[in-house]
Amino acid sequence: MRIAIVTDAWAPQVNGVVRTLEAVIAELRAGGHEVLVVSPSGAPSLPCPTYPEIRLALMTPAAVGRRIAAFGAEAVHIATEGPLGLSARRWCRARGLPFTTAYHTQFPDYVAARTGADPEWVWRYVRWFHAPAAAVLASTATIERTLRAHGLPRVRRWGRGVAPAFRPEGAIEPRMAAARAAAGGAPVLLHVGRVAVEKNIEAFLAADVPGTKVVVGDGPARVALERRFPEALFLGALFGDDLAAAYRTADALVFPSRTDTFGLVMIEALACGTPVAAYPVPGPVDVLTPTTGALAERLETAIARALTLDRATCARAGADFTWAASARQFLDALAPFGAALRMAA
């Protein structure tokens, strides 16, 4: 099948949306499917308000449509609710072409965290954007229920996976190991993800627990957090084997976000044998079990419990999440259209 994926989130951005799309696209292509990615790459763009590292592409519906039509797409998936997603939505709607969408991000909560806007106002936009979709892809049961409760009944499950690099055996991260040695064997507590206000990293860094705190990732809040918490170790962004080594070196992954739809880093940590501490919120409540993670409204309590969990049990649970299964769910949810419509421009 020839599949067009339209996304406002793409490399060089580093986030769960981009990593998910890259992994699923690789599986689709390995299965013989042809995939066109319509992204901000090469398009005129503006910096996103409050988050200038993200560029918002300026591409008209006609320009997006020309790329989809020239590719000869047989199905369209609109991954994000930004300017490119809006253009693709408008083009498909004008021609009566079905499309699917995905709810990757707790958009109302993110906007509220950054601007103070009422999330219910943002939900009006989310509902309007996704309502015409043949299916809205959701990563967990909790997000599926949330979307249905906000008037979006056509929801399909789309899970996540982990790459082969994330396994319990292998190298450890040298800087984290050195920090552990300097601390006399105290626990190494890790956070992985975009360093931004909506990730609530401050709650992790301020938690009153023994051990070395390590932050892997980059983002607009990093400079301020490094200044406020000089005792923490900030390693910047890591990928592939280096990221897996960081997970393996940690005694627990601390996931303080209250606004994620899934939390890809949690299953990567589990696959490396590292238990997770988190709040009892969407994402963690869907991914973690009492044997793989600890949930508590007091983060210190969750961390203490996570440090008692069995690493082998975590690794077995993490191995159950595969990108092959994720790609099958994505394919099953698509809404292909007939060959006669493929030339619509």
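Residues numbered from 1 in each chain as written. Predicted model: local features only at pLDDT ≥ 70, side-chain atom pairs only at ≥ 80, totals over all residues. Heavy atoms only, no water.

Draft legend 1. Region of the structure containing the overall build of the chain. A count of helical and extended segments in the chain gives 15 helices and 14 strands. Its C-alpha radius of gyration of 20 Å places the chain within 12% of the 20 Å reference for a compact globule of 345 residues. In terms of overall dimensions, the chain has a C-alpha envelope of 70 × 40 × 40 Å along the principal axes. Across the 345 residues that make up the chain, the buried fraction comes to 54%. Counting contacts in the chain only where the partners sit at least 6 residues apart, residues at least 24 apart contribute 65% of the total. A total of about 14,100 Å² of accessible surface is found on the chain, and carbon and sulfur atoms cover 57% of it. Averaging the coordinates of the 36 positive side-chain charges in the chain and doing the same for the 30 negative ones gives two points 7 Å apart. (Helix = DSSP H or I, 4+ residues; strand = E, 2+ residues; numbered from the N terminus. Rg over C-alpha atoms; globule rule 2.2 N^0.38 Å. Buried < 20%, exposed > 50% of the residue type's maximum accessible area, 1.4 Å probe, protein only. Contact = heavy atoms within 4.5 Å. Areas by Shrake-Rupley, 256 points an atom, 1.4 Å probe, with all protein chains shown as cover. Lys, Arg positive; Asp, Glu negative; His and termini not counted. Charge placed at Lys NZ, Arg CZ, Asp CG, Glu CD.)

Draft legend 2. Representation of the sheet that holds strand β10 (residues 212–216) within the structure. Strand order in the open sheet made by the six strands is β11-β10-β9-β12-β13-β14, with parallel pairing throughout. Strands at the two margins of the open sheet, each flanked by one partner only, are β11 (233–236) and β14 (293–295). Within the sheet, the average angular offset between the axes of one strand and its neighbour, ignoring direction, is 25°. Note: strand β12 (residues 252–255) against strand β13 (residues 276–278), three bridges, orientation parallel. In the strand pairing of β13, L253 is matched with V276. (Pairing = 2+ DSSP bridges. Axes fitted to C-alpha atoms, helices over the stretch in contact; angles between N-to-C directions.)

Draft legend 3. Geometry of the packing of helix α2 (residues 61–71) against helix α3 (residues 83–94). In contact at an axis separation of 8 Å, α2 and α3 are set at 70° when each is read in the N-to-C sense. With respect to their mutual orientation, α2 and α3 come out roughly perpendicular. Only L84, S87, A88, R90 and W91 of α3 make contact with α2, whose side of the interface consists of P61, V64, G65, I68 and A69. (Parallel < 35°, antiparallel > 145°, perpendicular 65-115°, else oblique.)

Draft legend 4. Local environment of the nonpolar core. Core analysis: the biggest nonpolar cluster contains 55 residues, and L190, V216, Y247, L253 and F330 have the highest contact counts within it. In this structure, L36, V64, F99 and V155 belong to the second largest nonpolar core, which totals 34 residues. (Core = buried A, V, L, I, M, F, W, Y, C linked by side-chain atoms within 4.5 Å.)

Draft legend 5. The arrangement of unusual backbone geometry in detail. Cis rather than trans, the peptide bond between A11 and P12 has omega equal to 10°. With respect to the element layout, P12 can be found in the loop between β1 (2–6) and α1 (16–30). Positioned with a positive phi, N200 is a non-glycine residue whose angle comes to about 60°. Judged by relative accessible area, which is 24%, N200 ranks as partly exposed.

Draft legend 6. How the structure looks around the environment of G16. Positionally, G16 belongs in helix α1. When the C-alpha atoms of G16 and A317 are compared, they prove to be 20 Å apart, with 301 residues separating the residues in sequence.

Draft legend 7. Examining the sheet that holds strand β5 (residues 75–78) more closely. With respect to topology, six strands assemble into an open sheet ordered β2-β1-β5-β6-β7-β8, the strand pairing being parallel. On the outer flanks of this sheet lie β2 (34–38) and β8 (155–157), each paired with one strand and no other. Neighbour-to-neighbour, the strand axes of this sheet turn through a mean angle of 25°, independent of strand direction. Relative to strand β6 (residues 100–102), β5 runs parallel, the two being bridged by two bridges. Paired with I78 across the bridge in β6 is T101.

Draft legend 8. Expanded view of helix α15 (residues 323–333). Buried within α15 are the following residues: W323, S326, A327, F330 and A333. Axial view of α15: buried residues confined to an arc of 125°, hence all on one face. Within α15, the exposed residues directed more than 90 degrees away from the buried face are R328 and D332. (Arc of directions from axis to C-beta.)

Draft legend 9. A look at the pairing of β11. Sheet topology places β10 next to β11; three bridges connect them, and they run parallel. What sits directly across from V214, in β11, is L233.

Draft legend 10. Representation of the packing of aromatic side chains within the structure. By the definition in use, this model includes six aromatic pairs. Judged by centre distance (5.7 Å) and plane angle (65°), the ring pair of F166 and Y247 falls under edge-to-face. Separated by 81 residues along the polypeptide, F166 in the loop between β8 and α7 (174–182) and Y247 in helix α10 (residues 240–249) bring together distant segments of the chain. The rings of Y125, W128 and F129 are connected pair by pair, giving a single aromatic cluster. In this structure, R2 packs its charged tip against the face of F71, placed 4.3 Å from the ring centre. The residue whose ring lies beneath R258 is Y279, and the NZ or CZ to ring-centre distance is 3.8 Å. (Phe/Tyr/Trp six-rings, centres within 6.5 Å; stacked < 30°, edge-to-face > 60°. Lys NZ or Arg CZ within 6 Å of the ring centre and 35° of its normal.)

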